Every structure is written in C-alpha cells, then in structure tokens.
Amino acid sequence: RSLVAYAKQSYGVDISEEFLALARDEYGSAKMTFQQHDVTAPGLPGGRADLQFCHLLLTHLPDPLRTIEGWGQELSYGGLLLIDEVESIEPADDVLAEYLSWVAALVNHSGGELYIGPALDALEPAGLRKVVAGDTTIEEVLRVTQDQSGHHLPHQQPAGTPAPEEQPGNED
C-alpha cells in the first residue's frame, strides 16, 4: 500500500485471474488497478513505469535475468526497479527446516531457485545498476536512490520541499 501513495496510477499484475479478483476486492481503487499479464512477456500494463516492484516472484521463474532485463526496458528515465526476494532462511525448528527443503525441491523442479537472493546479487542486467541492497523500507530506498542519482520520481515529492498545495501561488 505504501508504494501506491507515491503514484498517480498503479497496476498490479498476475497470471491468475482468481488472485487478481482477490486483489481487486481488497486493494482496488481509482489509483490501483489489477490486470492479467505474464510478467515474463513484454508490454507491462500502463506503459513505461517510474517504479516497478517485484515481491517473491523471481524465485519461481526459470530465467530471472531475462525477465529483469525486460522490465528494465519498460522503465522511464530514472525509473526504479525494486526487487524483494529471499536471501536465505535458517529455521531453528527441524520440522520447518524439512518443510523448506521440500519447498526448495519443488521450486527447483519447476526451474526456479527458492533462495535466489545471492544469485540476483551477482547479476548485472543490461542497462540497470544496483542502487541499494539489504533490509530497508520503501521510503529509505526512495531517499537513498534520490541521494545517489540526483533524480526524483516524477510523482515523488522531493525531501524538504513543501507539498504543491503549500507552495506560493497555489492558493485555491
């Protein structure tokens, strides 16, 4: 939800119409729409994006590098691609450890990698550069990216500047 606060329009995509129906019921709004789309195929809804966010998806894809590079082609100039994936899980409980080994085997059988975080760290997708890695919040990512690149997302209010309604000349 916090990502939508920064956008004029947001799109959620999934291949499953059932999951999309649940998302529409829970989160749909004038600013947040959901569409069926194969994320490995070009042409994400909404055209070029200022911000793309991927959460626990690349682990299930057989060629995450190709997918990331495709998404990079659909970013606007200075746009951000935020990826949140699993680095590792080290359970203290033996039952959970066994369960995770089954999950890892199932994901691997389908061509993916459950603990894809280290593999993503090693990737250098064409035209993209890593700005931030590690545990952080969306607000921290936006701030650090702004500090490192000098760019602001078009719909992001630069830190320390008044909101448009507070700026001189915007009295209604």
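So, here is what we can say about the structure in this document. (Residues numbered from 1 in each chain as written. Predicted model: local features only at pLDDT ≥ 70, side-chain atom pairs only at ≥ 80, totals over all residues. Heavy atoms only, no water.)

The next thing to look at is the side chain of Gln 52. By the element assignment, Gln 52 lies in strand E3 (residues 49-55). Polar side-chain contacts of Gln 52 include one of 3.2 Å to the backbone oxygen of Trp 71. With sequence-adjacent residues up to four places away left out, Gln 52 is seen in contact with Leu 44, Trp 71, Glu 74, Leu 75, Leu 80, Leu 81 and Leu 82. (Helix = DSSP H or I, 4+ residues; strand = E, 2+ residues; numbered from the N terminus. Polar contact = N/O pair within 3.5 Å; in protein donor to acceptor, adjacent residues only side chain to side chain. Contact = heavy atoms within 4.5 Å.)

What follows covers the pattern of salt bridges. For the structure on display, the rule yields two salt bridges. Residues Glu 17 and Arg 24 are paired through a salt bridge, measuring 2.7 Å at the closest nitrogen-oxygen approach. A relative accessible area of 38% means that Glu 17 is categorised as partly exposed. Across the salt bridge formed by Asp 63 and Arg 66, the nearest N and O atoms sit 3.7 Å from each other. Residue classification places Asp 63 among the partly exposed positions, given a relative accessible area of 34%. On the accessibility criterion, Arg 66 (62% relative accessible area) is exposed. (Salt bridge = Lys/Arg side-chain N within 4 Å of Asp/Glu carboxyl O. Buried < 20%, exposed > 50% of the residue type's maximum accessible area, 1.4 Å probe, protein only.)

Let's shift gears to the nonpolar core. Counting 11 residues, the largest nonpolar core is built from Val 39, Leu 44, Cys 54, Leu 58, Leu 61, Ile 68, Trp 71, Leu 75, Leu 81, Ile 116 and Leu 120. Counting only elements with at least two residues in this core, the list comes to helix H2 (64-73) and strand E4 (75-84). (Core = buried A, V, L, I, M, F, W, Y, C linked by side-chain atoms within 4.5 Å.)

Further remarks concern helix H3 (residues 94-109). Spanning 16 residues, H3 covers 23 Å between terminal C-alpha atoms, matching the ideal 22 Å at 1.5 Å per step. Listing the buried residues of H3 in full gives Leu 100, Ala 104 and Val 107. Along H3, the residues classed as buried sweep out an arc of 65 degrees about the axis, all on the same side. What points out from H3, more than 90 degrees from its buried face, is the exposed set Asp 94, Val 95, Trp 102, Leu 106 and His 109. Near the N-terminus of H3, the side chain that reaches the backbone nitrogen of Val 95, with its oxygen 2.8 Å away, is that of Asp 93. Following H3 by one or two positions, Gly 111 adopts a phi angle in the positive range, close to 95 degrees. (Expected span 1.5 Å × (residues − 1). Arc of directions from axis to C-beta.)

This part takes up the side chain of Glu 74. Within the secondary structure layout, Glu 74 lies in the loop between H2 and E4. Buried within the structure, Glu 74 lacks any salt-bridge partner; its nearest side chain of opposite charge belongs to Arg 48, at an N-O separation of 7.4 Å. Discounting residues that sit within four places of it in the chain, Glu 74 has contacts with Pro 42, Gly 43, Leu 44, Gly 47, Arg 48, Ala 49 and Gln 52. (Lys, Arg positive; Asp, Glu negative; His and termini not counted.)

The next subject is the layout of surface pockets. In this approach, a probe sized like a water molecule rolls over the atoms, and the result shows the empty space that is left. The space that makes up the largest pocket amounts to roughly 1,600 Å³. Along the wall of the largest pocket there are 45 residues; nearest its centre are Tyr 11, Gly 12, Val 13, Met 32 and Phe 53. At seven residues, E3 tops the list of elements feeding residues into the lining of the largest pocket. Of the residues belonging to the lining of the largest pocket, the class tally is 26 nonpolar, 12 polar and seven charged. (1 Å grid on protein atoms, 1.4 Å probe; cavity = no way out; pocket = protein on both sides within 12 Å on 5 of 7 lines; lining within 4 Å. Points joined across faces, edges and corners; volume = space filled by probe spheres on them. Nonpolar A, V, L, I, M, F, W, Y, C, P; charged D, E, K, R; others polar.)

A few words now on the pairing of strand E1 (residues 10-14). Examined bridge by bridge, E1 and strand E2 (residues 32-36) share five bridges and lie parallel to one another. Pairing of Tyr 11 across the sheet is with Thr 33, part of E2. In the classification by handedness, the crossover that spans E1, the intervening helix H1 (residues 17-27) and the parallel E2 is right-handed. (Pairing = 2+ DSSP bridges. Right-handed = clockwise from strand over helix to strand, strands pointing away.)

Our focus in this paragraph is the pairing of E3. When E3 meets E4, the two strands line up parallel, connected through six bridges. Bridged to Leu 51 within E4 is Leu 80. Read from E3 through H2 to E4, the crossover connection turns out right-handed.

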